[in-house]
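# Notes for the structure review
So the chains spell out like this:
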Amino acid sequence: MKKKTLTACAVVCTVSVLGGVCFERTKKQSISTANLLANVEALTETEEEFETRRSECYSNMEYNWNMASICVESGFEHVTCTVSGKISVFGVELSGSYVKDHIYTIPWARYQCEESNGNCCTKQGLYTGDTKLA
Amino acid sequence: MKKSFFNTIVCLTLFLFALTACHTQSSRKTPVIRGYSDEPLINGLGLDMKDVRIIPLETSKESALSHVVDIGFFGDNLLVQDAGHRLLCFDRQGHFLFPVGMRGRGNGEYLRINAFAVNESDTTVTIFDETSGRIITYDAIGELLESVRLDGKLLYMLQRVAPIPNDERGDYLCSGYVHKDYNRIYSLLSIKNSFCQELQTTPMKTRGTAEIIGIHPINQYGGRLSLILPFSNSVFEYLPEEKKIVPRMTVSVGPKTKLLSQKQISRIDNYSIMLKSEFMAQNYFPGFSSLYETNDYIYLDMDGRLYFLIDKNNNTGVAYEGYIGEIHPDANPLISVKLSDGNSFVGMLEPWRIKTLRNQFDAMIDCKELSLFYKAMMALPDSCLEDGNNPCLVFYQL
């Protein structure tokens, strides 16, 4: 009887450990498969969609086709409002509901156009939101 | 007898499952660092700084920098990556030494510098160029050693690169931009096998621009590769043997700050610093933007707004304002940190910024002798701060 109990215990142990390991692996695989599928999906684009994007990019004189807007640096600038309704960020005046003597934290990002096939560079320079600072 | 046997089996099974779960949990248990939720201190207030040195980078026709993208130590020297796709070598006194390689289509030339990596031996540097698909290695005096050509797709949206410590294959851990639907933020690049393995993705998207998850998202220190993830309050590390990214430590953000759920992150289709700013306004934790490590400290930058300094010796942290609002005589501020080594953080300050700080400080004549940072700043000759000059390096020794 003892022998049988021990054998049963051993079987249960093995099955449990194997089950645990398999579960972990399947979980990981399913995540990476999902990610891969997401990437494949992202890369599939019809010729028509591609043409639309290209012509849209060409239609704007400030955009550059076959280039991508790459963010090379970003951060927050702390500026004090010295005149009500206005603040100056990197030397550029912004208007808004700014209160005198208050400190404002303004997000900024610097973009650069870099060669990249099939992409459109829409931003180049220093921006806060969609406002170009420099 | 049969019943007790059955009960034993059931209990044993449950116990083993619990044991397996506990094992998984315990292997991922990470220290929790407190201190973030306290009101941030004035930048550098009470920081025990041993030395501050400000070194202007030589400005000449060959060494004039437009905008610094990244810096790195290269043996006894420093490498500065310029936005104009140049990699320049300076010594630690700021003298310009030589450019590393040059732009072009010839052998050993690059079209663009996505990233560079100083290899473990500290005697060679490798440039990664997505446009030409080239990976070019130079020696300690900037002479070409090797040029390898890979499919440019393997280097697509590559941002920063770090060699895997003690790796015979010479693989690299890479961070990438989030660009529209392209979401591979960390990958393992094997040049020998011409292979790039995805390690970590993000469900976020951008609207046309390529956005960074951080200025300096990977840090190599003491044979350990640490990294950050967007909107996360943890510091992660890459385990080369397991090819896995796991949490290293978690910063407790306190009850007032909310963490974004995976569901919320997956709904983001316009990721950028502007969006981070919106989340911050709603009391969400924006994540860390850069990570630097020394013997005793881990510096976690939060886009220049705040930084969280962790003392590795006692696993405690202090949050500081990332800017200089109020000039305090006892403060040794850490500003614009871009690099770290054994016992120093290295910052970079443009001349106009130093001039502004000096003017602010001039108004507080009584306190001039008190802070190492201000002392070093005031000692700089005016000629170093002329408009158009290269930025200055600031070595903060803690």
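Residues numbered from 1 in each chain as written. Chains lettered and ligands numbered in written order. Predicted model: local features only at pLDDT ≥ 70, side-chain atom pairs only at ≥ 80, totals over all residues. Heavy atoms only, no water.

### Considering the side chain of glutamine 81 of chain B
Residues and elements named next belong to chain B. The criterion, for reference: Secondary structure elements are defined from DSSP: runs of H or I of at least 4 residues count as helices, runs of E of at least 2 residues count as strands, and each element is numbered from the N terminus. Polar contact criterion, stated in full: a pair of N or O atoms within 3.5 Å, where within protein one must be able to donate a hydrogen and the other to accept it, and residues adjacent in sequence count only if both atoms are side-chain atoms. Residue contacts are defined here by distance: any two heavy atoms, one from each residue, within 4.5 Å place the two residues in contact.
Summarising the element assignment, glutamine 81 is placed in strand 4 (residues 77-82). From its side chain, glutamine 81 meets the backbone oxygen of isoleucine 113 in a polar contact 3.2 Å long. Residues contacting glutamine 81, with those up to four places away along its chain left out, are His67, Val68, Val69, Asp70, Arg86, Leu87, Ile113, Asn114, Ala115 and Phe116.

### Observations concerning the environment of isoleucine 218 of chain B
All names here are of chain B. Spelled out, the test is: Burial classification: accessible surface area is computed with a 1.4 Å probe over protein chains only, and a residue below 20% of its type maximum counts as buried, one above 50% as exposed, and the rest as partly exposed.
Tracing the backbone through its elements, the reader meets isoleucine 218 in strand 17 (residues 218-221). Residue isoleucine 218 is classed as buried on the basis of its relative accessible area, which comes to 7%. Along the chain, isoleucine 218 and valine 161 lie 57 residues apart, while their C-alpha atoms are 7.8 Å from each other. In contact with isoleucine 218, not counting residues within four places along its chain, are Arg160, Ala162, Leu173, Cys174, Ser175, Tyr186, Leu225, Ser226 and Leu227.

### Examining unusual backbone geometry
Despite not being glycine, asparagine 66 of chain A shows a phi value in the positive range, around 60°. Mapping asparagine 66 of chain A onto the fold places it in strand 1 (residues 64-80). The phi dihedral of serine 336 of chain B falls on the positive side, at around 50°, and the residue is not glycine. Relative to the helices and strands, serine 336 of chain B resides in the loop between strand 24 (316-321) and strand 25 (337-340).

### With respect to the sheet that holds strand 22 (residues 297-302) of chain B
All names here are of chain B. Spelled out, the test is: A pair of strands is considered paired only if DSSP assigns at least 2 bridges between the two. Axis definition: a line fitted to C-alpha atoms, limited for helices to the stretch in contact. Angles are taken between N-to-C directions and run from 0 to 180 degrees.
If you walk across this open sheet you meet the 4 strands as 21-22-23-24, and the pairing is antiparallel. The sheet terminates laterally at strand 21 (290-293) and strand 24, the two strands that pair on one side only. The sheet shows a mean angle of 20° between the axes of neighbouring strands, taken without regard to direction. Here 6 bridges tie strand 23 (residues 306-311) to strand 24, and the two strands are oriented antiparallel to one another. Paired with leucine 309 across the two strands is valine 318, which belongs to strand 24.

### Focus on the state of the cysteines
Disulfide: a covalent bond formed between the sulfur atoms of two cysteine residues. Residue and element names in this part refer to chain A. The condition that has to hold: Two cysteine sulfur atoms make up a disulfide if the distance between them is within 2.5 Å.
The full count for this structure, using the stated rule, is 2 disulfides over all chains. For cysteine 57, the disulfide goes to cysteine 120, at an S-S distance of 2.0 Å. Disulfide cysteine 57-cysteine 120: the torsion about the S-S bond is 85°, which places it as right-handed. Of this pair, cysteine 57 sits in helix 2 (residues 47-59) while cysteine 120 sits in strand 4 (residues 103-121); the two residues are 63 residues apart in sequence, bridging distant segments of the chain. Taking the relative accessible area as the measure of exposure, cysteine 120 reaches 15% and is therefore buried. Between cysteine 113 and cysteine 121 runs a disulfide, and the two sulfur atoms are separated by 1.9 Å. Across the S-S bond of cysteine 113 and cysteine 121 the torsion is about -85°, and the bridge reads as left-handed. For cysteine 113, a relative accessible area of 10% gives the class buried. For cysteine 121, a relative accessible area of 1% gives the class buried.

### Describing the confidence of the model for chain B
Formally: Scored between 0 and 100, pLDDT is the confidence that the predictor attaches to each residue.
Per-chain confidence: chain B averages 90 in pLDDT, with 91% of residues scoring 70 or above. Interface confidence for the predicted complex, given as ipTM, is 0.86, next to a pTM of 0.85.

### Notes on the pattern of salt bridges
Under the convention used in this document: For this document, the term salt bridge refers to a Lys or Arg side-chain nitrogen within 4 Å of an Asp or Glu carboxyl oxygen.
One pass over the full model with this rule turns up 23 salt bridges over all chains. Between aspartate 51 of chain B and arginine 53 of chain B there is a salt bridge; the shortest N-O distance is 3.8 Å. Among the residues examined, aspartate 51 of chain B registers a relative accessible area of 27% and is labelled partly exposed. The exposure class of arginine 53 of chain B is partly exposed, given its relative accessible area of 37%. Several salt bridges converge on common partners, so that one network encompasses Glu77 of chain A together with Glu350 and Arg353 of chain B.

### Considerations on the packing of aromatic side chains
The cut-off we apply is this: Two rings from Phe, Tyr or Trp (for Trp, the six-membered ring) form a pair when their centres sit within 6.5 Å of each other. Planes less than 30 degrees apart are called stacked, planes more than 60 degrees apart edge-to-face, and all others tilted. In our convention, an over-ring charge means Lys NZ or Arg CZ found within 6 Å of a ring centre and within 35 degrees of that ring's normal.
Per the stated rule, a full pass over the model turns up 20 aromatic pairs over all chains. Taking the centre distance of 5.9 Å and the plane angle of 75° together, the rings of tyrosine 111 of chain A and tyrosine 127 of chain A count as edge-to-face. Residue tyrosine 111 of chain A is found in strand 4, and its partner tyrosine 127 of chain A is found in strand 5 (residues 125-128); the two are separated by 16 residues along the sequence. The exposure class of tyrosine 127 of chain A is buried, given its relative accessible area of 9%. Between the aromatic rings of tyrosine 36 of chain B and phenylalanine 285 of chain B, the centroid separation amounts to 5.3 Å while the plane-to-plane angle is 85°, which identifies the pairing as edge-to-face. Of the two residues, tyrosine 36 of chain B sits in the loop between strand 1 (32-33) and strand 2 (51-56) while phenylalanine 285 of chain B sits in the loop between helix 3 (273-281) and strand 21, which places them 249 residues apart along the sequence. Each residue in the set Tyr292, Tyr299, Tyr307, Tyr320 and Phe345 of chain B is aromatic and connected to the rest through ring pairs, giving one cluster. In this structure, lysine 123 of chain A is placed above the aromatic ring of tyrosine 127 of chain A, and the distance from its NZ or CZ to the ring centre is 5.2 Å. In this structure, lysine 258 of chain B packs its charged tip against the face of tyrosine 284 of chain B, placed 4.4 Å from the ring centre.

### A look at the pairing of strand 4 of chain A
Across a regular strand the side chains alternate sides, sitting on one face of the sheet and then on the other. Residue and element names in this part refer to chain A. Strand 4 sits mainly inside the fold: 14 of its 19 residues count as buried. Bridge analysis of strand 1 against strand 4 gives 15 bridges, and the strand direction is antiparallel. Its bridge partner lying in strand 4, serine 74 is registered against alanine 109. With 3 bridges joining them, strand 4 and strand 5 adopt antiparallel strand pairing. In the sheet register, tyrosine 111 faces strand 5, and the bridge partner there is glycine 125.

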